[in-house]
Amino acid sequence: MDHEGRIQRVVAKLDDLELDALLITNLTNVRYLTGFSGSNGQVVVSRSGATFLSDPRYRARSASLVTGADITIYGSQLKDELPGLIASLDVGKLGVEAASLTVAERDDLVEMLEGVELVTTKNALEDFRRVKEPSEVEKIREAVRLADDAYELIRDRLVPGVTERKIALDLEVAMREAGADDVSFEPIVGSGDLSAHIHHTASAREFEKGDLVLMDFGARVDGYCSDITRTVVIGPATDEQKHIYSVVLATQAAGIAAATVGAVCREVDATARKVIDDAGYGETFAHGLGHGVGLDIHEAPRFAKISEDTLLEGDVVTVEPGIYVSDLGGIRIEDDVLVTKEGPVVLNNAPKDRLIEL
Ligand code: ZN
Ligand code: ZN
């Protein structure tokens, strides 16, 4: 669907939301609707179409990127243009995105749009974004391929004495050199004890023989993210490390198999979690089973104990169970999975069938 088609879907939704117009300030949503990427841009969607607004720094960039919407460049700030635009569209009720406005920004809007009722909306565009069109799936597939290839390339660099930071940098360089427009987030490389930190930042710690090394990273292609985790051991693995790895792998397999159209996300989470619980490591798996990926690294739907989401055809989700034991370290395995009518399709090809001993 081109930008015009996406904007028309939002126009059609204005009736459901009982709004005259919607002000989009979330930059990911702005990109999804118009193609614009940059640090400042807004879109107003009304029944007469869409207007993209930005400041003079983005004049040339918006002209080359934005399609499907009129472009208005304001003098220096939003309040130079927004009140006039909203008045010309005869807007009484204006939807705003609750999750992307600060309290200060909302106060500013109230002040500049006197007489306009601001109506809070939630997930107005996120619900459209989660189901991926074929062209979006292609970009995610390419981002997955770049991450898989980077893992292949750096694996023999995982030797005693090398730091977590060096490998994090090498992963980033490998993905960018192969064509990524960015990383999807700062790569996580955790070794030894630190691999048990679920949201670790790569440190100056040097690898030692016997370390588990957990790497969680991804690439962006045209804005679309991939997200993969692999865990290896430096030198021969202990029986306990091998056992935990096999539990995580079996958990992931159960989660992937359950990721079918119509499945309730909390049940997918529970199906997988049961494998770790039965093995006696349930308490260490202190995060959700996975999340949607797309233009944002974390988006709808979510696999979590309380998630009410239901899987739809075209969702792209991660399945990423982990076991984290202090003293021993952490093992997580994560792949990106496309939900199809024919069943779940794992997009990653990076090897994972056994704990790789380096
Ligand atoms: Zn990840
Ligand atoms: Zn993830």
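Residues numbered from 1 in each chain as written. Chains lettered and ligands numbered in written order. Predicted model: local features only at pLDDT ≥ 70, side-chain atom pairs only at ≥ 80, totals over all residues. Heavy atoms only, no water.

### Points about the coordination of the zinc ion (ligand 1)
Short version of the rule: Keep in mind that water is not among the atoms, so a site may look incomplete; donors are the N, O and S atoms within 2.8 Å of the metal, or 3.2 Å for Na, K and Ca. Only two sets of limits are used to name each site, 85 to 135 degrees for every angle of a tetrahedral four-donor site, and over 155 degrees for opposite donors with all other angles from 65 to 115 for a square planar four-donor or octahedral six-donor site, with any other site named irregular. Secondary structure counts use DSSP, requiring at least four H or I residues in a row for a helix and at least two E residues in a row for a strand, with both numbered from the N terminus. Categorising residues by exposure relies on relative accessible area from a 1.4 Å probe, with only protein chains included: less than 20% of the type maximum marks a residue as buried, more than 50% marks it as exposed, and the intermediate range marks it as partly exposed.
Listed as protein donors to the zinc ion (ligand 1) are Asp216 (OD), Asp216 (OD), Asp227 (OD) and Glu334 (OE); their distances from the metal cover 2.0 to 2.6 Å. Around the zinc ion (ligand 1) sit 4 donor atoms, and with donor-metal-donor angles ranging over 54 to 149° the site reads as irregular. Donor residues for the zinc ion (ligand 1), ordered by position in the chain, follow D-x10-D-x106-E. A separation of 3.1 Å is found between the zinc ion (ligand 1) and the zinc ion (ligand 2), which share Asp227 as a coordinating residue. Placement of Asp227 in the loop between strand 11 (224-225) and strand 12 (228-233) and of Glu334 in the loop between strand 17 (329-332) and strand 18 (335-340) is noted, with a sequence separation of 107 residues between them. For the pair Asp227 and Glu334, one class covers both residues: buried.

### As for the nonpolar core
The following threshold applies: What we call a nonpolar core is a set of buried Ala, Val, Leu, Ile, Met, Phe, Trp, Tyr and Cys residues that are connected through their side-chain atoms within 4.5 Å. Residue ranges assigned to the domains are those given by an automatic or database domain assignment. The contact criterion used throughout is that any non-hydrogen atoms of two residues lie within 4.5 Å.
Counting residues in hydrophobic clusters, the biggest one holds 34 residues, and the most contacted among them are Leu22, Ile24, Leu33, Val43, Val45 and Leu125. At the level of elements, helix 1 (3-17), strand 1 (21-24), helix 2 (27-34), strand 2 (42-46), strand 3 (49-54), helix 7 (134-154) and strand 11 are the ones that each hand at least two residues to this core. Ranked by residues supplied to this core, first place goes to helix 1 with 4 residues. Composition of this core by domain shows at least three residues from each of domain 1 (3-129) and domain 2 (134-357). Setting aside its immediate chain neighbours within four residues, Val45 contacts Ile7, Val10, Val11, Leu14, Asp20, Ala21, Leu22, Ile24, Leu33 and Ala50. One finds Val248, Ile256, Cys265 and Val337 within the second-largest nonpolar core, a separate group that totals 30 residues.

### Here we look at the layout of surface pockets
Vacant regions in the atomic arrangement are exposed by a probe of water-molecule size rolled over the atoms. Spelled out, the test is: The method works on a 1 Å grid over the protein atoms by themselves. A cavity is a set of points holding a 1.4 Å probe that cannot get out, a pocket is an open set with protein on both sides within 12 Å along at least five of seven lines, and residues with an atom within 4 Å of a point line them. Grid points are joined across faces, edges and corners, and a volume is the space filled by probe spheres set on the points. Throughout, the ten residues Ala, Val, Leu, Ile, Met, Phe, Trp, Tyr, Cys and Pro are labelled nonpolar, Asp, Glu, Lys and Arg are labelled charged, and all others, Gly among them, are labelled polar.
In this model, the largest pocket occupies a volume close to 420 Å³. Gln42, Leu78, Glu105, Asp108 and Met112 are the residues nearest the centre of the largest pocket, which is lined by 17 residues in total. A per-element tally of the lining of the largest pocket places helix 5 (residues 103-112) first, with 5 residues. Of the residues that constitute the lining of the largest pocket, the class distribution is 6 nonpolar, 7 polar and 4 charged.

### A look at the domain arrangement of the chain
The condition that has to hold: Buried area, as used here, totals the accessible surface that two parts lose on assembly, with accessibility defined by a 1.4 Å probe and the loss added over both. Whenever Lys or Arg places a side-chain nitrogen within 4 Å of a carboxyl oxygen from Asp or Glu, that contact is recorded as a salt bridge. Two N or O atoms count as a polar contact when they lie within 3.5 Å, although within protein this holds only if one can serve as hydrogen donor and the other as acceptor, and sequence-adjacent residues are included solely when both atoms are side-chain atoms.
One can read the domain layout of the chain as domain 1 (3-129) and domain 2 (134-357). Spacing between the C-alpha centres of domain 1 and domain 2 amounts to 35 Å. Domain 1 puts 5 residues into the contact, and the matching count from domain 2 is 7 residues. If you sort the residues of domain 1 by the area they bury against domain 2, Thr28, Arg31 and Arg129 come out on top, with a joint share of 70%. On inspection of domain 1 and its partner domain 2, the count reaches 4 salt bridges. Arg6 is the salt-bridge partner of Glu136, the closest N and O atoms lying 3.7 Å from each other. For the pair domain 1 and domain 2, the number of links is 3 residue pairs in polar contact (both at pLDDT 80 or more). The dominant element in the side of domain 1 that touches domain 2, judged by the number of residues it contributes, is helix 2, at 3 residues. Split into classes, the residues belonging to the side of domain 1 that touches domain 2 amount to 1 nonpolar, 1 polar and 3 charged.

### Some details on the packing of aromatic side chains
Just so we agree on the cut-off: Pairs were defined over the aromatic rings of Phe, Tyr and Trp, the Trp ring being its six-membered one, requiring ring centres within 6.5 Å. Orientation was assigned from the angle between planes: stacked under 30 degrees, edge-to-face over 60, tilted for the rest. By definition here, charges over rings are those cases where NZ of Lys or CZ of Arg is within 6 Å of the ring centre and within 35 degrees of the ring normal.
Applying the stated criterion to the full structure yields 2 aromatic pairs. Residues Phe36 and Tyr58 carry aromatic rings whose centres are separated by 5.2 Å and whose planes lie at 90° to one another, so their mutual orientation is edge-to-face. Taken together, the positions of Phe36 in the loop between helix 2 and strand 2 and Tyr58 in the loop between strand 3 and helix 3 (59-65) put the pair 22 residues apart, joining distant regions of the chain. Each member of the pair, Phe36 as well as Tyr58, carries the same accessibility label: buried. Aromatic ring contacts, followed pair by pair, group Phe36, Phe52 and Tyr58 into a single cluster. One Lys or Arg, Arg6, reaches over the ring of Tyr32 and ends 4.1 Å from the middle of that ring.

### A word on the packing of helix 7 against helix 8 (residues 164-177)
To keep things clear, this is the line we draw: Note on geometry: axes are C-alpha line fits, over the in-contact stretch for helices, and angles between N-to-C directions span 0 to 180 degrees. Angle categories: roughly parallel below 35 degrees, roughly antiparallel above 145, roughly perpendicular from 65 to 115, and oblique for all the rest. Each crossing is labelled by how the near helix is turned from the far one, with a counterclockwise turn of less than a right angle marking it left-handed and a clockwise turn marking it right-handed.
One way to put it is that helix 7 packs onto helix 8 with a least axis distance of 9 Å and a crossing angle of 130°. Between helix 7 and helix 8, the crossing angle belongs to the class labelled oblique. Like other packed secondary-structure pairs, helix 7 and helix 8 cross with a definite hand, here right-handed. Residues Leu146, Ala147, Ala150, Tyr151, Leu153 and Ile154 of helix 7 pack against Ile167, Asp170, Leu171, Ala174 and Met175 of helix 8. In terms of residue class, the contact of helix 7 with helix 8 is made up of 10 nonpolar, no polar and 1 charged.

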